[in-house]
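This is what each chain is made of:
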Amino acid sequence: MKNILVLCTGNSCRSQMAHGYLIHFLNEDQATVYSAGIETHGLNPGAVSIMKEDGIDISKHTSNHVDEYASVDFDYIITVCDHANENCPYIPSKNAQRLHHNFFDPSKVIGTEEVKHEAFLKAREEIKGYFKKFVEMHFN
C-alpha cells in the first residue's frame, strides 16, 4: 500500500479537493491519502460546497500541518501550489516521488457569489483532471 501526501499552504482548499479526488479515484487497498499544509487554515466552505456538487463529501476532513506526518514514509509528495513548493520544510521520505502542479487558487477570487462559484468550479475541474491522470499513470 502506498502513502500519498498532498501539500498546500493552508490545507484548506486545493489540497483538500485533491485529497477528496484521490480517495474517489483510488481503491481502498491502493493507497492511504494524507493532505497537509505548511500552515493550517481550516476547511474552505467554497471547496466543501463545490466538491459536494460533484458528489464528494470533504466536510469531515481536517486541516493538518505537515509536521503531523513526520513519521510517515511517503511514496508520493504532491505540492499543489507554488508557495508550498518553495517553502515546504524537508520531508524525510527517502524514496518519495515529488511532484508539483500550481493549481489556480479560487480562494483569492473577489466578486459576486456567481464569480466565486465559477472560480471554485474552474479549480475543481483542473484538480479533478490532474488527479484522475495521476491515478491512471501510477496505479492502473
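Located above this text is the structure these notes cover.
Definitions and cut-offs
Residues numbered from 1 in each chain as written. Predicted model: local features only at pLDDT ≥ 70, side-chain atom pairs only at ≥ 80, totals over all residues. Heavy atoms only, no water. Helix = DSSP H or I, 4+ residues; strand = E, 2+ residues; numbered from the N terminus. Rg over C-alpha atoms; globule rule 2.2 N^0.38 Å. Buried < 20%, exposed > 50% of the residue type's maximum accessible area, 1.4 Å probe, protein only. Contact = heavy atoms within 4.5 Å. Areas by Shrake-Rupley, 256 points an atom, 1.4 Å probe, with all protein chains shown as cover. Expected span 1.5 Å × (residues − 1). Salt bridge = Lys/Arg side-chain N within 4 Å of Asp/Glu carboxyl O. Pairing = 2+ DSSP bridges. Right-handed = clockwise from strand over helix to strand, strands pointing away. Phe/Tyr/Trp six-rings, centres within 6.5 Å; stacked < 30°, edge-to-face > 60°. Polar contact = N/O pair within 3.5 Å; in protein donor to acceptor, adjacent residues only side chain to side chain.

K.L.:
Whenever I open this one, the overall build of the chain confuses me. Can you help?
P.N.:
Scanning the chain from terminus to terminus reveals 4 helices and 4 strands. Secondary structure elements of the chain occur, N-terminal to C-terminal, as β-α-β-α-β-α-β-α. Its C-alpha atoms give the chain a radius of gyration of 14 Å, within 12% of the compact-globule value 14 Å for 140 residues. With respect to the principal axes defined by its C-alpha atoms, the chain has extents near 45 × 30 × 25 Å. Buried residues in the chain amount to 46% of all 140 residues. Long-range pairs, those at least 24 residues apart, make up 72% of the contacts in the chain with a sequence separation of at least 6. Counting only carbon and sulfur atoms, one obtains 49% of the accessible surface of the chain, whose full area is about 7400 Å².

K.L.:
Whenever I open this one, helix α4 (residues 113-139) confuses me. Can you help?
P.N.:
The α-helix advances 3.6 residues per turn, and as a result positions three or four apart in sequence lie on the same side. Counted at 1.5 Å a residue, the expected span for α4 with its 27 residues is 39 Å, and the 37 Å between its end C-alpha atoms agrees. The set of residues buried in α4 consists of Ala119, Phe120, Ala123, Arg124, Ile127, Phe131, Phe134, Val135 and Phe139. On its buried side, α4 packs onto β1 (2-8), α1 (14-25), β2 (31-37), α2 (45-53), β3 (76-79) and β4 (97-100).

K.L.:
Would you mind going over the environment of Asp105 with me for this structure?
P.N.:
Positionally, Asp105 belongs in the loop between β4 and α4. Here the alpha-carbon distance between Asp105 and Gly46, two residues 59 residues apart in the chain, equals 11 Å.

K.L.:
So what exactly am I meant to see when it comes to the pattern of salt bridges here?
P.N.:
One side chain can pair with another of opposite charge once the charged atoms of both are near each other. Summed over all chains, the structure comprises 5 salt bridges. With a shortest N-O distance of 2.7 Å, Glu125 and Arg124 are connected by a salt bridge. Its relative accessible area of 38% is what places Glu125 among the partly exposed residues. On the accessibility criterion, Arg124 (8% relative accessible area) is buried.

K.L.:
Would you explain the pairing of β2 in this entry?
P.N.:
A regular strand places its side chains so that they alternate between the two faces of the sheet. Counting buried residues in β2 gives 6 out of 7 residues, a clear majority hidden from the surface. Here β1 pairs with β2 via 7 bridges, running parallel. Looking across to β2, one finds that Ile4 is bridged to Val33. Assessed by its sense of winding, the connection that carries the chain from β1 through α1 to β2 is right-handed.

K.L.:
Please clarify how the packing of aromatic side chains should be interpreted in this entry.
P.N.:
Going through the model one piece at a time under the given rule, you end up with 10 aromatic pairs. An angle of 15 degrees between the planes, with centres 5.7 Å apart, marks the rings of Tyr21 and Phe25 as stacked. Residue Tyr21 and its partner Phe25 are both found in helix α1; the two are separated by 4 residues, about one turn of the helix. Note on Tyr21: relative accessible area 0%, which makes it buried. Each ring, one from Tyr76 and one from Phe134, has its centre 5.1 Å from the other, and the planes form 85 degrees; the classification is edge-to-face. Taken together, the residues span a long stretch of sequence, with Tyr76 in strand β3 and Phe134 in helix α4 at a distance of 58 residues.

K.L.:
I'm lost on the side chain of Asn11 in this one. Help?
P.N.:
Tracing the sequence through the fold places Asn11 in the loop between β1 and α1. Given the relative accessible area of 0%, Asn11 is considered buried. There is a polar contact of 2.7 Å between the side chain of Asn11 and the backbone nitrogen of Asn64. Ignoring any residue separated from it by four or fewer positions in sequence, one finds Asn11 in contact with Gln16, Ser35, Ala36, Gly37, Glu39, Gly42, Thr62, Ser63 and Asn64.

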